[in-house]
Amino acid sequence: MTAFVSADDVGILESPDEVLSTLRADGSRRWLYPTPSKGRFWRRRQVVGWALIAFFVSLPVVRVGGKPAVLLDVAVREFTFFGFTFYPTDTFLLLLAGIGILVSVALVTALLGRVWCGWACPQTVYLEFFYRPVERLVEGAEHVRARRDAGPWTWDKAWRKGAKWGIYFVASALLAHTFTAYFVGWDRLLAWMTGPPTEHWPYFVLAAATTGLVLFDFGYFREQMCTLACPYGRFQSILLDPHSMIVSYDPGRGEPRAKRGKKAIAQELAGERPPLGDCVDCGACVRTCPTGIDIREGLQMECVACTQCIDACDSIMDAVDLPRGLIRYTSERAIEGGETRVLRGRTAAYGALLVAVAAVFTVALTTRHAYDVDLGRAVGQPYLEMADGRVANRVRLRVRNQTATGAAFRAELAVPEGGALRLGTTPPVSVDARQQVRVEGAITVPASTFEGTAEVPAVVRLTFDDGSTTDVPFTLLGPSR
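The residue count restarts for each chain, going from 1 along the sequence in the order it is written. For a predicted model such as this one, the threshold for reporting local features is a pLDDT of at least 70, and the threshold for listing and counting side-chain atom pairs is 80 or more; totals across whole chains, interfaces and linings nevertheless cover every residue. With hydrogens and water excluded, all non-hydrogen atoms of the structure serve as input to the side-chain values.

Draft legend 1. The arrangement of the sheet that holds strand β11 (residues 407-415) in detail. Pairs of strands are assigned from DSSP output, requiring at least two bridges between the strands. Helix numbering and strand numbering both begin at the N terminus, where a helix is a DSSP run of H or I of at least 4 residues and a strand a DSSP run of E of at least 2. Spatially, β13-β11-β15-β16 is the arrangement adopted by the 4 strands of the open sheet, whose pairing is antiparallel. Two strands bound the open sheet, and with one partner strand each, they are β13 (429-431) and β16 (469-477). Adjacent strand axes in the sheet meet at a mean angle of 35°, parallel and antiparallel pairs treated alike. For β11 and β13, the ladder comprises 3 bridges, and the chain directions are antiparallel. The residue bridging F409 from the neighbouring strand is V429, located in β13. Fitted lines through C-alpha atoms give the axes, limited to the stretch in contact for helices. The angle between two N-to-C directions lies from 0 to 180 degrees.

If you want it as structure tokens, here you go:
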């Protein structure tokens, strides 16, 4: 059974005037000391949490197709996800991916409530399965920490705080470097770390700032990231419906609640005293809540669906010989005695939209050209009249190789006839795998090409060494004859 401590120790709301669980009536911070309830859901979340930590840390390290599994290289505008690299020209694909993520969030929330917050969000995972366990290991149980924090500074309090924050700092620095590796890759990051600080001082500033933010978040801000900063909790009012699965207290079974023990409950069941609800008003669900709410007051924005209140209540029900499930995964419709429907208008619409977006994304991705070609006009005069009577248009050619192997190409002017394209490098032009090459050149045509017009449509044809060709339209400018 969960140990009983005072309301002051664990930060339980003391009056209706205190609206937020993390704030007092005067607006000052109420520090929470949630007591862990290590039941069946806790054990499952712990396995999932540590698996996710390993997954989050490994993404910048594991290589797929020669690149990190996830690399968001903003500097060169390349975003790699599990072997697929997206470029600025893949705007449509990135738009579809963004829409797919939003629709997925809406669908999962409509079906399973805030399962992401309680089971998979990095904020919850790192805080509940690393930072708070370290705090308990160094500073002791929740009621001990609460009384020590409220007391004067002593050597015991000082060394415990120092040791905890020292561990926090090291962990935060590792997380900050892992976060940075998502954007630059571990190879480049290690080179910067081992090089002279004066050569890569922006990296050291970024790493220090990120470390400070991570340390502040997990060491101090904590549950306020979920209750105050994160917008997802505020969206749940439009994402949830009565059929959505949530963590909920059953008032029909639990009320009227009253404090009593196993003996009194046995007398109620035997008809020796008036029956009450199954809730014994022990407060275990409040003491264990990482955001400090009372689940018995109904669905609240601060609930992250972590299931700690389920484990806490189940342990109390076991102790007083009552069936589990007073607090459980359920829906508002089921609590009211109705039937929960998985397939309904909202979920059907979200599902159909998600399938459509996934289908369009798959087709667009699989039919994406192996080579992205851009032909533009070079900076300077729009055209030049040459001494031999020809007209020249200076151009710049950019070719991005979107395949996993190197390639080479030749470029020629296909339209109009009688013209020529000369590049500033000897053909064939090579371009490495997943790299791009830029080269300037000039298109020359006879002056008679501009008979009666100052603009002439042209086509530049690129022939790659794999046999594929790409035709790129271009408009030639010249003197109208």
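Still to come is the rest of the account.
Draft legend 2. Inspection of the sheet that holds strand β4 (residues 78-81) at higher detail. The antiparallel open sheet is built from 3 strands, whose spatial order is β3-β4-β5. In the strand order of this sheet, the two ends are held by β3 (70-73) and β5 (84-86), each with one partner. The sheet shows a mean angle of 15° between the axes of neighbouring strands, taken without regard to direction. Note: β4 against β5, 3 bridges, orientation antiparallel. Each residue of the ladder has a partner; that of T80, found in β5, is T85.

Draft legend 3. Main features of the environment of L397. Structurally, the position occupied by L397 is in strand β10 (residues 390-401). Residue burial is assigned from relative accessible area. The probe radius is 1.4 Å, only protein chains are included, and a residue is buried under 20% of its type maximum, exposed over 50%, and partly exposed in between. Its relative accessible area of 4% is what places L397 among the buried residues. Residues L397 and P473 lie 76 residues apart in sequence; the distance between their C-alpha atoms is 12 Å. In contact with L397, other than residues within four places in its own chain, are V373, D374, L375, F409, A411, L423, V437, R438, V439 and L462. Only heavy atoms enter the contact rule, under which two residues are in contact if any of them lie within 4.5 Å.

Draft legend 4. The nonpolar core, seen in detail. What is meant by a nonpolar core is a set of buried Ala, Val, Leu, Ile, Met, Phe, Trp, Tyr and Cys residues, joined one to another through side-chain atoms within 4.5 Å. Ranked by size, the top nonpolar core spans 28 residues in total, and within it L397, V399, F409, I443, L462 and L476 carry the most contacts. Elements with a contribution of two residues or more to this core: β8 (371-377), β10, β11, β13, β14 (436-446), β15 (455-464) and β16. A per-element tally of this core places β15 first, with 5 residues. Apart from the residues lying within four places of it in its own chain, the contact partners of V399 are D372, V373, F409, V431, Q435, Q436, V437, L462 and F464. Formed by 26 residues, the second largest nonpolar core is a distinct cluster that contains C279, C303, I310 and I316.

Draft legend 5. Fine view of the pattern of salt bridges. By definition here, a salt bridge exists when the distance from a side-chain nitrogen of Lys or Arg to a carboxyl oxygen of Asp or Glu is within 4 Å. Applying the stated criterion across every chain yields a total of 33 salt bridges. Between E142 and R145 there is a salt bridge, with the nearest N and O atoms lying 3.4 Å from each other. Pair noted here: E142 and R145 are both in helix α6 (residues 142-150), with a separation of 3 residues, about one helical turn. Judged by relative accessible area, E142 falls into the buried class, the value being 6%. By relative accessible area, which is 4% here, R145 ends up buried. In this structure, E255 and R257 form a salt bridge, with 3.0 Å as the shortest nitrogen-oxygen distance.

Draft legend 6. Seen up close, the pairing of β15. Going residue by residue along β15, you find V456, A458, V460, L462 and F464 tucked away on one face and E455, P457, V459, R461 and T463 left uncovered on the opposite face. In terms of strand pairing, β11 meets β15 through 6 bridges, oriented antiparallel. Across the sheet, A411 pairs through a bridge with L462, a residue of β15. Pairing between β15 and β16: 9 bridges, direction antiparallel.

Draft legend 7. Quick peek at the environment of L299. Mapping L299 onto the fold places it in the loop between α14 (284-288) and α15 (308-319). Residue classification places L299 among the partly exposed residues on the basis of a relative accessible area of 38%. Taking C-alpha positions, L299 is 50 Å from A191, a pair spaced 108 residues apart along the chain. Setting aside residues no more than four positions away along its own chain, L299 makes contact with L240, I246 and E332.

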